[in-house]
Amino acid sequence: MRPVRLTLQAFGPYANREVIDFRSAVEAGLFGIYGRTGSGKSTIFGGMTFALFGKASKQEQDPASLRSDHAAADLTTEVEFVFDVGERRFVVVRQPDQMRPKQRGEGETKSAHEAHLFEATGLALDEITAQKRGKIIAEKKVRDVDAAVTDILGYGPEQFRQIVLLPQGRFEKFLTAKTNDRVTILRDLFDVSLYQALMADLKEKAAEAERQVREERAVCAGRLKAEGFESTDALLEGINAAQTTVQERSVFEADTKKQALAAETAFRSAEAVEAKFVASEQAHAKLTVLTSRKAEFAAIADRMKQAARARLIVDVEEQLAAVRKDVKDADTKLAEVTEAQSQARQKVKDAVESLTVEEARAPELEAARKHKDDLERYGEVLQAASASAEAVEATLEAQRMAHAAFEKSKERLDQLRKTRIERASALKTARNTESRRGELTRAHTQLLAQKKAAEDYEKAETAVVSAKAALEKENATSAEALKYETEVRAAYVTAEQALAAAQALHLATKLESDAPCPVCGSTDHPSPATGDIENAGRDQAFRDARDRLEKVERAARQVSEKLAGQKATFEARKEYLSSLEQPTGTLPALLENVRQTEADLGALGPSVNLDEAEAALDALDKQIADLETETERLRSEADKCRNAATEARAARDGKLEAVPNSLRTPSALTSALEEASRTLNALVDAKDEAEALVKAAREAALSAAAALKGSEESVSACKVRLEKAEKAFHTRLSEQGLTEELYQSLKPAIAMIDSDSESVKAFEIQLNEAQGAAKAAASAIGDLTRPDIPVLKEVHQAAAAALTKSTEERIAASNRVDQLEKLRKSLEETMRKLDEAEAESGPLRKIAALANGDNPLNLKLETYAIGAMFDRVLEAANLRLGPMTSSRYQLERDTEGGRGSRGLGIQVFDVHTGKSRGTDTLSGGETFIAALALALGLADVVESASGKVRLDTIFIDEGFGSLDTENGSGTLEQVLNVLNSLVRQSRAVGLISHVPLVKEAIPNGFYVRKGLTGSVVEERGVI
């Protein structure tokens, strides 16, 4: 980053507007900022920090306190910073939270923090004004501007304070920072995300492999527990017990089956005897019922005989009914014919009256003939004037066409004007919509980033909780393993002592007086070991104890490795969680905001090309102007055609004075002539029709009279036939000895003669059969005793239920054996696969533990990678430190720190003593020099290692007063020489100092002059 121009308004001690142009100072390379204490030198750096990151240069300072106490109430506090990064130029403008006077009324209102970021690449500095700052990158929303600036620079405010802007009294903080703080700074400056991802991936995969095996083993244990077993050995015992139960259930089932068969045989026999008693009871009951119905069927037989006599009269009665119907039909026909004759006479009368009316219209007929003749004469006149009429029609047609063209053009013009208004309104709406779309799009992008951060934070929290639970569980397992190892080790020591005693006893039995001891070589044996033969065999006990101890130690190591992996997982997840920024809102709320924003964007519809819409509106304006000219031309043409038509019509009307106006067109005359012809023809046709109706009515009256006479003769003949049929019917009744009333009552029985006959015969057969069945049933019972069916049935059902239960128990026992066998085979296969999986994942878990700090140096892979980069930083720092300390001091890494802090410690090698010591042992001036060298070295390495981070300018606030001056310069001269060499390497350095020699040595820069109403900045040059 290279400063170009800083503008401070109502900021800190600067009450008005101060513009600081850095171009000359940066071009000189080494420049200073001088002034009295409290004049506002450090505020210049504070303005840069606030412009870039929205924060003060002092971390503890509130940005709201940056407003000048000397500024006018209506002057807004604002900072504008123009800076270059590589070949690109940017402008950032900020206004902090501040109180300002209300526009209406009295009092103050609060203005919120605002920020704007522009890219001004290609613009000269003089071209950049408040109205022209370049292309907008982000505006108003502070968080968007902060993120964009951090992305452009490649570092944030904390790194800016540590390696770019070294604040007064604290620029050596990086030198003495704790390893964890230094790791945080270097992690952001050097891209070690690959190592972080590798560590996390290895840890996650190792944990996943271990979790899968653990969960699968838990599932197996759960399956065993669900079946009531604590181990596979207990499962095998359960299978044997289940097989024994199957055998016992089979024997019991056979016994209950015999008992059930005997009970069923006794019950079936009793059912057969009971059936005979029941059949006898049913036969006697049926016979009783049939005997009671004898009188009923005797009455049916008597009715059947009388119905047979009545059936002989049916044919005569049918003939009588037919004759009666013929008489009725003849009477009906006579009435119809009489009515028809009356109607015919009325029609004759009506037709004669209609004819009289038509004959009275003779004068009307004559007038119609005369009107038709006049119309034919008018036609001859029109024929003579046809030439004039054609001319009139031609001019009228031209007039109509011209008027139609004018109206069409006018309508098109009105439509275009209406379209123009609509499009102008639509364009205005589209501009508002696109503006709103831009706002929503930026809000949507920010919400998506917030949602992603909230999701990552929630996942990280869940992962920490899970890792903590796993770690606690593994701690408990490790404690148990250690306790068991202690117990086994104690047993091993006991076995070893017992073995030693046994070996001593064996050697004591071989000792001889004056003979040397095979152990110590002494010939004096004052206290040889004693004991019993029971010590024999302790060698084997010792070997067993040793083998058991080795096995337990291996298991303890495995548990320890696993515990280390869990610790590494927990620490990594905690570290990752702490590196995340806690979301400002809940995830559901953010999701709802994203959904609402997307809905708002969708509601805006498709995007509109405003340039195309404006171009279309301009084209429409031109089209309207052209059409207005054309419409005016068509108006003139229509007026000319109307005048020509008027002249032609006047010439034609002079020839047609004898013809009524309404009949001067061929079409009107033809229509009138057709109407006159229709009227005349209608009168003639009406008279002819009246005459025809009179003739037809008279003929119909004659036919009706003839039909009436024939109908009267038919009625007389039918009445004669009726008398004969009635006489024959009464004669037949007398022959059968029946009255007409009795005959009519017997008619329903005639249809039932056959069915009654069948019923009587069937009853007689049923009665005979019932008598025989009752007799046979009584004979079948004989001397039998009726059994107690309910008791026998209960015994049978109990035996059957017992058989069913024993069968179900035997099947259940068999199913239990099959179920346990399947479980055993399944568990054997699963445990085999789990052992293989656990063996396969062992190397992965070991590598993951090593990468995450479980190694002799307690170094994580990320810290190791950062340490490699830090070596380069120290090498670059020593290139500065040597010349500034007359080659006395060199910075080196301290790799012997405590747990978790190895690799990034710093110590100083003193050539005078030949020893290394801590940086806290340096004097104030030496600390300043070492920190300055480290900062410069860090800048070199960061810039060379990252294509994104550029540290073109470094600012140093005070510290030179701690340097000694020998013959007017001393150490200060050495430091300034190093800084001058740095400038020669294309990096600018800005200094704040009150040391006179610094002012003399570095005249370029600025002088801050403090006054009663605020400070002002003056540019200094080479004197």
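Keep in mind it's a predicted model, so treat the numbers as computed, not measured.

**Thoughts on the overall build of the chain**
Scanning the chain for helices and strands turns up 23 helices and 17 strands. Surface exposure of the chain reaches about 59100 Å², of which carbon and sulfur atoms provide 52%.

**Topic: helix 18 (residues 753-781)**
Here helix 18 spans 43 Å end to end across 29 residues, near enough to the 42 Å set by a 1.5 Å rise per residue. In the core, the buried residues of helix 18 are packed alongside helix 8 (232-291), helix 9 (294-310) and helix 17 (740-750). Trailing helix 18 by a residue or two, Gly782 shows a phi angle of about 55°, which is positive.

**Focus: the packing of helix 9 against helix 18**
At a minimum axis separation of 10 Å, helix 9 and helix 18 run at an interaxial angle of 150°. The angle between helix 9 and helix 18 falls in the class roughly antiparallel. Crossing of helix 9 against helix 18: the hand is left-handed. Between helix 9 and helix 18, the residues in contact are Lys294, Phe297, Ile300, Ala301, Arg303, Met304, Ala307 and Ala308 and Ile753, Asp756, Ser757, Ser759, Val760, Phe763 and Leu767, respectively. The class makeup of the residues in the contact of helix 9 with helix 18 is 10 nonpolar, 2 polar and 3 charged.

**What to know about the sheet that holds strand 9 (residues 135-139)**
Taken in spatial order, the 6 strands make up an open sheet running 2-1-4-5-8-9, and their pairing is antiparallel. The outermost strands of the open sheet, each flanked by one partner alone, are strand 2 (14-21) and strand 9. For this sheet, the mean inter-axis angle between neighbouring strands, taken without regard to orientation, is 15°. Judged from the 6 bridges that link them, strand 1 (residues 2-11) and strand 2 form a sheet pairing that is antiparallel. For Thr7, the partnering residue across the bridge sits in strand 2 and is Val19. Across the face of the sheet, helix 2 (residues 41-53) comes into contact with strand 1, strand 2, strand 4 (78-85) and strand 5 (88-95) while running at roughly 100° to strand 1. The strands that helix 3 (residues 142-153) touches are strand 4, strand 5, strand 8 (114-119) and strand 9; relative to strand 8, the one it contacts most, it runs at about 40°.

**Here we look at the sheet that holds strand 12 (residues 905-910)**
Spatially, 3 strands are ordered 11-12-13 in an open sheet, and the strand pairing comes out antiparallel. On the outer flanks of this sheet lie strand 11 (889-894) and strand 13 (915-918), each paired with one strand and no other. The average undirected angle you get between the axes of adjacent strands in this sheet is 40°. Taken together, the 6 bridges between strand 11 and strand 12 define a ladder with antiparallel strand orientation. Each residue of the ladder has a partner; that of Tyr889, found in strand 12, is Asp910. Its contacts with the sheet place helix 20 (residues 861-884) against strand 11 and strand 12, and it is angled at close to 170° to strand 11.

Quick notes on the rules
- Residues numbered from 1 in each chain as written.
- Predicted model: local features only at pLDDT ≥ 70, side-chain atom pairs only at ≥ 80, totals over all residues.
- Heavy atoms only, no water.
- Helix = DSSP H or I, 4+ residues; strand = E, 2+ residues; numbered from the N terminus.
- Areas by Shrake-Rupley, 256 points an atom, 1.4 Å probe, with all protein chains shown as cover.
- Expected span 1.5 Å × (residues − 1).
- Contact = heavy atoms within 4.5 Å.
- Axes fitted to C-alpha atoms, helices over the stretch in contact; angles between N-to-C directions.
- Parallel < 35°, antiparallel > 145°, perpendicular 65-115°, else oblique.
- Left-handed = near helix turned anticlockwise from the far one by under 90°.
- Nonpolar A, V, L, I, M, F, W, Y, C, P; charged D, E, K, R; others polar.
- Pairing = 2+ DSSP bridges.

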